[in-house]
Amino acid sequence: MSLTDVATQIIVILLLALLVGTATTIVRMRDLWAAVMLTGIFSFLGACWMLILDAPDVAFTEAAVGAGIATVLMLATLALTSREAKPPPEFPILPILVVFMAGAALVFGTFDMPHFGDPSAPAHTHVMSEYMNDTVPDVRQSAAHRDKTHDEHDDSQHSVAHHGVGVPNIITSVLASYRGYDTLGETVVIFTAGIGVLLLLRGRRERRDVEEDEG
Amino acid sequence: MKQHAILRVTSKVLIPYILLFALYVQFHGDYGPGGGFQAGVIFAAGIILYGLVFGLNAARIIAPPSVLERLIALGVLIYTGTGVATMLAGGNFLDYTVLQYGVFDGTVLADHLPQGQHLGILLVELGVGITVAAVMILIFYSFAGRERSR
């Protein structure tokens, strides 16, 4: 094991320990303002952890949404409620039981999951290898490919399967091209969610204004 | 927050770079990490920071809610419009390969545009980015606006 591996292992263990520590602190905390700040820190640690797992795209999202926007939204919500959580009942047997059973089921589920980076994992054996093979070589021969496409001018019906996407970031090419339908669906979900939230929040305020006018 | 000089000055310096970084993530997403969603969120974060420091009304002037509401729909329209354009050019829905020589054939543009796939990805990511940024900013407006109405 080289020195870099040892260093990575130490960082991984430290990060995971910090994640567990932050989560435990959030659960035990009654001051909601501090809890919101800690959830931001939790998201940031999660982003660092995903970076170590070679998933910069996900880390990006986690840092921007989890640590940034979600924290701001929760702070804005705190301004509408109290800053202290209600004290829990003496010894909540039923909730503890439910939490432990759900946790045990999740841990049991991980036994069937492939190891990290396992080449025989289902995610890597299906169409993924085709995607990766088609995308990467086209990057290297990008210029040549372009000239070729130009020569075959009349043959405008090239399909993705034969020519690949030609975009270096495989994640982007899978998201936007190979899985373009799915991403369209996700965009429509964001659209619908945004409209829904706006209608709910705005509708109530206008109704209150009307009541005030009547009263 | 008129008395927080350090916050105001620092965020004034930072916000242009946050917005620029969002554009970088948006249009560089095919080479580096990131893409439309991340770029939209970062762009929204820049505007939200402006709103937090300089007040909601100042943010509403630079990013008016009425414009943002239209942008939500515009993003989805750009995405589906790209799909419809590929269909009109003779391909399948969202099959970007036909874009370069199908839509812009015979024009000067055809030789200067990126490859069809590349172009299609840029367009749909732009759609995703616009929708995400507008939704995030509008949700922030409505959360922060409720505080004042009480």
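Everything discussed here concerns the structure shown above.
Residues numbered from 1 in each chain as written. Chains lettered and ligands numbered in written order. Predicted model: local features only at pLDDT ≥ 70, side-chain atom pairs only at ≥ 80, totals over all residues. Heavy atoms only, no water.

As for the nonpolar core
Selection rule: In this description, a nonpolar core means a group of buried Ala, Val, Leu, Ile, Met, Phe, Trp, Tyr and Cys residues linked to one another through side-chain atoms lying within 4.5 Å. Burial classification: accessible surface area is computed with a 1.4 Å probe over protein chains only, and a residue below 20% of its type maximum counts as buried, one above 50% as exposed, and the rest as partly exposed. Here a strand is any run of E in DSSP of at least two residues, a helix any run of H or I of at least four, and the numbering for each starts at the N terminus.
The biggest cluster of nonpolar side chains holds 41 residues, and the ones touching the most others in it are Ile69(A), Leu68(B), Phe140(B) and Tyr141(B). At the level of elements, helix H3 (56-78) and helix H10 (180-214) of chain A together with helix H1 (5-27), helix H2 (36-54), helix H3 (56-62), helix H4 (65-88) and helix H7 (116-149) of chain B are the ones that each hand at least two residues to this core. Considering every element that reaches this core, the biggest residue donor is H7(B), with 14 residues.

Regarding the packing of helix H1 (residues 3-28) of chain A against helix H2 (residues 32-52) of chain A
All names here are of chain A. Keep this limit in mind: Structural elements are reduced to axes, namely lines fitted to C-alpha atoms, with helices fitted over the stretch in contact, and the angle between N-to-C directions of any two is expressed from 0 to 180 degrees. What sets the label is the angle itself: under 35 degrees gives roughly parallel, over 145 gives roughly antiparallel, 65 to 115 gives roughly perpendicular, and the rest give oblique. A crossing counts as left-handed when the near helix is turned anticlockwise from the far one by less than a right angle, and as right-handed when that turn is clockwise. Should any heavy atoms of two residues lie within 4.5 Å, those residues are considered in contact.
The N-to-C vectors of H1 and H2 enclose an angle of 155 degrees; their axes lie 10 Å apart at closest approach. When the axes of H1 and H2 are compared, the pair comes out roughly antiparallel. In this structure, the crossing between H1 and H2 has a hand that is left-handed. Contacts between H1 and H2 involve Thr-8, Ile-11, Val-12, Leu-15, Leu-16, Leu-18, Leu-19, Thr-22, Ala-23, Thr-25 and Ile-26 from the first element and Ala-35, Leu-38, Thr-39, Phe-42, Leu-45, Gly-46, Cys-48, Trp-49 and Ile-52 from the second.

Re the packing of aromatic side chains
Quick note on the threshold: In this analysis, rings of Phe, Tyr and Trp, with Trp reduced to its six-membered ring, are considered paired at centre separations within 6.5 Å, and the interplanar angle assigns stacked below 30 degrees, edge-to-face beyond 60, and tilted for intermediate values. Cation placement over rings: the criterion is NZ of Lys or CZ of Arg within 6 Å of the ring centroid and within 35° of the ring normal.
Scanning all chains against the criterion turns up six aromatic pairs over all chains. An angle of 35 degrees between the planes, with centres 4.9 Å apart, marks the rings of Tyr50(B) and Phe54(B) as tilted. Pair noted here: Tyr50(B) and Phe54(B) are both in helix H2, with a separation of four residues, about one helical turn. On the accessibility criterion, Tyr50(B) (22% relative accessible area) is partly exposed. Measuring from ring centre to ring centre gives 6.3 Å for Phe140(B) and Tyr141(B), while their planes differ by 50 degrees; the resulting arrangement is tilted. Through a chain of ring-to-ring contacts, the aromatic side chains of Phe60(A), Phe21(B) and Tyr24(B) assemble into a single cluster. Across from the ring centre of Tyr141(B), 5.4 Å away, lies the NZ or CZ of Arg60(B), which sits over that ring.

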